[in-house]
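# Overview (structure and organization)
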Amino acid sequence: MSTAIRPLTSFIEGLASGTIEVIDLTQPLSERTPLIKLPPPFANTPVWTTHEISRYDERGPAWYWNWFEGGEHSGTHFDAPIHWVTGKDKDDVSQVPVRRLVGPAIVIDKTAEARANPDYLLTRDDIDAFARRHGPLPPGGWLLYRTGWDARANDQEAFLNANASGPHTPGIDGECARWLAGESPLVGIGVETVGTDAGTAHSFSPAFPCHQFMLGANKYGLTQLANLVKLPPTGAVLVVAPLKLVKGSGSPCRVLAFVQR
Ligand code: MN
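In this text, all values refer to a predicted model and were calculated from it rather than measured experimentally.

### Section: unusual backbone geometry
Residue proline 40 is joined to proline 41 through a cis peptide bond whose omega torsion reads 10 degrees. Looking at the element boundaries, proline 41 is found in the loop between strand S1 (20-24) and strand S2 (49-57). A cis geometry characterises the amide bond from serine 205 onward to proline 206, with omega recorded as 0 degrees. In this fold, proline 206 is placed in the loop between strand S11 (188-191) and helix H6 (209-216). Look at tyrosine 56: it is not a glycine, yet its phi comes out positive at around 50 degrees. Checked against the element boundaries, tyrosine 56 lands in strand S2.

Pasting the structure below:
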């Protein structure tokens, strides 16, 4: 058989030669990881906490291990359709078909816009402009929305960027979210911020349109991504690996990208 019909052979050669690079898009997960903070009367996620079971001591002389407590939506994490009321009869995180967790990524960079305006919202026009320059959106693909917000990910206050009027972080406008969910061939949206929706999305109509439309359409969200700056606009392959939590609404997630050099 020729290598032309053995793509995994080429892939292995690419990994060995370094022409395929593996990029980690995951933020570190610890007690310092920023968490979303909902206003009263809504309930919130507790801080990620690690408890030591033993560390080469009388509790376990040759082994080190911990247990942890934390929310499904902590750090770099995956939103399953069941997370939102519009997707309540759809997949939990253990039921998501793994085929949909591997796919092509496109990266739209609005770092300059988000620097000038932390409430910047991605629009259909932005998507159309990207497609004119880079080609149509790939079926089964993921939109990774770069805003430069990853630079704030080690500082809860800067990351949430809240003032008296609430949080101010970039997001996606309602009409764009509706189109991505209902009409685009993509299966997911990934962002660098604490959630897929903008900080001001509580005031949109409908509120939280990314959650409302994407999860209601049995599509997915990914948050708090890192290293999007290392990805090309098109051509990377994304691997999304949430824990297989039975009845889980989401999960902390390791997210990797393969990039051809
Ligand atoms: Mn979430």
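What follows continues from the structure just given.
### A word on a nonpolar patch on the surface
Nonpolar side chains collect at one region of the surface, where Ile53, Trp63, Trp65 and Trp67 lie side by side and expose about 440 Å² of accessible area between them. Residue contributions to the nonpolar patch peak at three residues, all from strand S3 (residues 60-69). Checked against the element boundaries, isoleucine 53 lands in strand S2. Isoleucine 53 gets classed as partly exposed once you look at its relative accessible area, which sits at 33%.

### Some points on the coordination of the manganese ion
Only His73 (ND1), His77 (NE2) and Asp79 (OD) from the protein coordinate the manganese ion, and they sit 2.1 to 2.3 Å from it. Note on histidine 73: relative accessible area 16%, which makes it buried. Its relative accessible area of 2% is what places aspartate 79 among the buried residues.

### Here we look at the packing of aromatic side chains
Under the criterion given, the structure shown has six aromatic pairs. When the ring of phenylalanine 78 is compared with that of tyrosine 220, the centres are 5.3 Å apart and the planes differ by 35 degrees; the resulting orientation is tilted. Separated by 142 residues along the polypeptide, phenylalanine 78 in strand S4 (residues 77-79) and tyrosine 220 in strand S12 (residues 220-222) bring together distant segments of the chain. Note on phenylalanine 78: relative accessible area 0%, which makes it buried. Judged by relative accessible area, tyrosine 220 falls into the buried class, the value being 1%. Ring plane angle 25 degrees and centroid distance 6.1 Å describe the contact between tryptophan 142 and tyrosine 220, whose orientation is recorded as stacked. In this pair, tryptophan 142 is assigned in strand S7 (residues 142-146) and tyrosine 220 in strand S12, connecting sequence segments 78 residues apart. The class of tryptophan 142 is buried, set by a relative accessible area of 0%. Taken together, Phe78, Trp142 and Tyr220 form an aromatic cluster joined through their ring pairs. The ring of tyrosine 64 has arginine 55 lying over it, and the distance from NZ or CZ to the ring centre is 4.1 Å. The ring of tryptophan 149 has arginine 152 sitting right over it, with the charged end atom 3.8 Å from the ring centre.

Thresholds, definitions, all that
- Positions within a chain are numbered from 1, following the residues in the order the chain's sequence is written.
- Given that the model is predicted, a residue must reach a pLDDT of at least 70 before its local features are reported, and side-chain atom pairs must reach 80 or more before they are shown or counted; all residues, however, enter totals for whole chains, interfaces and linings.
- Note that water and hydrogens are dropped before the side-chain values are worked out from all heavy atoms of the structure.
- Helix and strand assignments come from DSSP, with helices taken as H or I runs of at least 4 residues and strands as E runs of at least 2, each series counted from the N terminus.
- Note that patches include only residues with greater than 30% relative accessible area and no salt bridge, and the join distances are 9 Å for like charges and 5 Å for nonpolar side chains (Val, Leu, Ile, Met, Phe, Trp, Tyr).
- Computed by Shrake-Rupley with a 1.4 Å probe, the accessible areas treat only the displayed protein chains as cover when residues are assessed.
- We count a salt bridge whenever a side-chain nitrogen from Lys or Arg sits within 4 Å of a carboxyl oxygen from Asp or Glu.
- Each residue gets one of three labels from its accessible area relative to the maximum for its type: buried under 20%, exposed over 50%, partly exposed in between, using a 1.4 Å probe on protein chains only.
- Because no water is among the atoms considered, metal sites can look incomplete, with donors defined as N, O and S atoms within 2.8 Å of the metal, or 3.2 Å for Na, K and Ca.
- Centres within 6.5 Å make a pair out of two Phe, Tyr or Trp rings, where for Trp the six-membered ring is used; the pair is then stacked when the planes are under 30 degrees apart, edge-to-face when over 60, and tilted otherwise.
- Note on geometry: a ring has a charge over it if NZ (lysine) or CZ (arginine) is within 6 Å of the ring centre and within 35 degrees of the ring normal.

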